[in-house]
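An overview of the molecular structure
One letter stands for each residue in the lines below.
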Amino acid sequence: MMVVAMATFAVEDSVIKLVSSALPVGQILFLLGFGGALTFSVLALILRKEIFSLVFFTKPMHFRVVSELTGRVFYSSALALTPLASSTMILQATPLVVVVGAAVLFKEKVSALRWAAVLLGFFGVLIIVDPASDSFSFLSILAVLGMLGFAGRDLASRAVPKSLNIFTLGVHGFISIALSGLALSFFFNEPFIWPDASSWLYLLLGVFLGTIGYSSIISAMRIGEVSAITPFRYSRIIFGGAIGVFFFGENVTLTAAIGCGLIVLSSFVVLYPRRYKQDQRDFKSTDEE
């Protein structure tokens with residue numbers, strides 16, 4: 001499920017990048033968000049599932065909306081203005097930021113080894129952005145800000161009750177995307193452009209992919225152990241990098257590849273101790289039985 005989610009999100013990113021040449025990014029986000037929210041609402045009505053909940057009015061959900069807005073606005077802008085491959089690589093640092101946030105906000109214990117791994121991962125992000133080179137562009141910071149927004153969303157999701165079903169979360173998530181599109185449109189005073197036939201097809205494809213991806217990642221996070229399935233997030237590098245190189249003619253530099261490798265390596269170091277402890281608990285439980 002996690003691999004399916006990463007594949008669909010990577011293709012959805014390419015759809016946003018393609019359509020951004022014809023439509024403003026804010027309008028794209030609004031239409032994708034509206035379409036996704038409508039899709040989840042219809043499915044919820046057909047299956048007689050709850051759509052709205054009073055949980056929406058709690059602080060974790062408010063923080064989740066703000067984080068989703070931040071992540072979507074900046075990351076989508078990065079997709080439109082910077083190479084898809086580099087934006088995808090920077091996004092992989094999200095789990096590292098989540099670890100830092102969990103230590104600060106939830107008082108989770110983080111060992112010295114894991115802190116060192118987190119710093120190594122952030123160094124990998126710096127290598128990808130490469131602020132000291134002549135080719136450095138401040139537009140690269142857009143992907144970094146988007147990554148921070150998505151990390152905040154993931155942290156807020158940990159405080160949301162598990163009683164909320166996929167459809168409720170889906171409607172809420174896509175409404176947040178639509179709101180981020182409206183905010184971006186008003187901020188830059190972007191005019192509304194009626195999409196042509198090809199743009200409508202791409203947008204419909206984006207809604208379909210976003211719905212599949214959102215459902216898959218929520219299911220994966222709820223069914224599997226977080227530390228076991230999180231490494232599969234990095235399959236997005238393969239999908240995003242391949243699309244960037246073969247469809248958009250992008251070049252992945254050696255320094256960017258090294259930076260991405262450091263991010264992935266550091267994330268495995270961060271996640272492994274948790275996985276090891278869980279395996280030890282499972283072994284002990286089985287031995288007692």
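Residues numbered from 1 in each chain as written. Predicted model: local features only at pLDDT ≥ 70, side-chain atom pairs only at ≥ 80, totals over all residues. Heavy atoms only, no water.

Some details on the overall build of the chain
Just so we agree on the cut-off: Every helix listed is a DSSP run of H or I at least four residues long, and every strand listed is a run of E at least two residues long, numbered separately from the N terminus. Throughout, exposure labels follow a simple rule: accessible area from a 1.4 Å probe, protein chains only, divided by the maximum for the residue type, with under 20% read as buried, over 50% as exposed, and the rest as partly exposed. For this analysis, residues touch if any pair of their heavy atoms sits within 4.5 Å.
Helix and strand counts for the chain come out as 12 helices and 0 strands. If you list the helices and strands of the chain from N to C, you get α-α-α-α-α-α-α-α-α-α-α-α. Within the chain, the fraction of its 289 residues that count as buried is 51%. Partitioning the contacts of the chain with sequence separation of at least 6, the portion at a separation of at least 24 is 89%.

Quick word on unusual backbone geometry
If a residue is not glycine, its phi is most likely negative; likewise, a peptide bond is most likely trans. Despite not being glycine, arginine 48 shows a phi value in the positive range, around 60 degrees. With respect to the element layout, arginine 48 can be found in the loop between α2 (25–47) and α3 (59–81). You will see that asparagine 189, though not glycine, has its phi angle at about 55 degrees, which is positive. Mapped onto the fold, asparagine 189 is located in the loop between α8 (166–187) and α9 (197–223). Judged by its relative accessible area of 68%, asparagine 189 is exposed.

A few points about the pattern of salt bridges
Rules: Between Lys or Arg on one side and Asp or Glu on the other, a salt bridge is scored when a side-chain nitrogen of the former is within 4 Å of a carboxyl oxygen of the latter.
Tallied over the entire structure, the rule returns 5 salt bridges. Put simply, aspartate 13 and arginine 236 hold a salt bridge, and the shortest N to O gap is 2.7 Å. Linking aspartate 13 in helix α1 (residues 2–19) with arginine 236 in helix α11 (residues 235–248), this pair joins segments that are 223 residues apart in sequence. The exposure classification of aspartate 13 matches that of arginine 236, with both residues buried. For the salt bridge of aspartate 154 with arginine 233, the shortest nitrogen-to-oxygen distance reads 3.9 Å.

Here's the deal with the confidence of the model for the chain
Convention followed: Across the chain, each position has a pLDDT score giving the predictor's confidence in that residue, from 0 to 100.
Overall, the predicted model of the chain reaches an average pLDDT of 84, with 90% of residues at or above 70. Long-range and interchain partners of residues 279–289, a stretch whose pLDDT sits below 50, account for 0 contacts in this model, where long-range means more than four residues apart.

Some thoughts on α8
The condition is simple: Take the number of residues in a helix, subtract one, and multiply by 1.5 Å to get its expected span.
An ideal rise of 1.5 Å per residue puts 32 Å on 22 residues; α8 measures up with 31 Å between its terminal C-alpha atoms. Just downstream of α8, asparagine 189 is the residue with a positive phi angle, here 55 degrees.

Regarding the nonpolar core
Here is the rule: To form a nonpolar core, buried Ala, Val, Leu, Ile, Met, Phe, Trp, Tyr and Cys residues must be joined to one another through side-chain atoms within 4.5 Å.
By size, the foremost hydrophobic cluster in this structure holds 46 residues, and its most contacted members are Ile28, Ile90, Val125 and Leu203. The element contributing the most residues to this core is helix α7 (residues 140–158), with 7 residues. Among residues more than four places away in sequence, those in contact with isoleucine 90 are Val125, Ile128, Val129, Ser140, Ala143, Val144 and Met147. Core analysis: the next-biggest nonpolar cluster, separate from the first, contains 27 residues, Met6, Phe40, Val55 and Ala220 among them.

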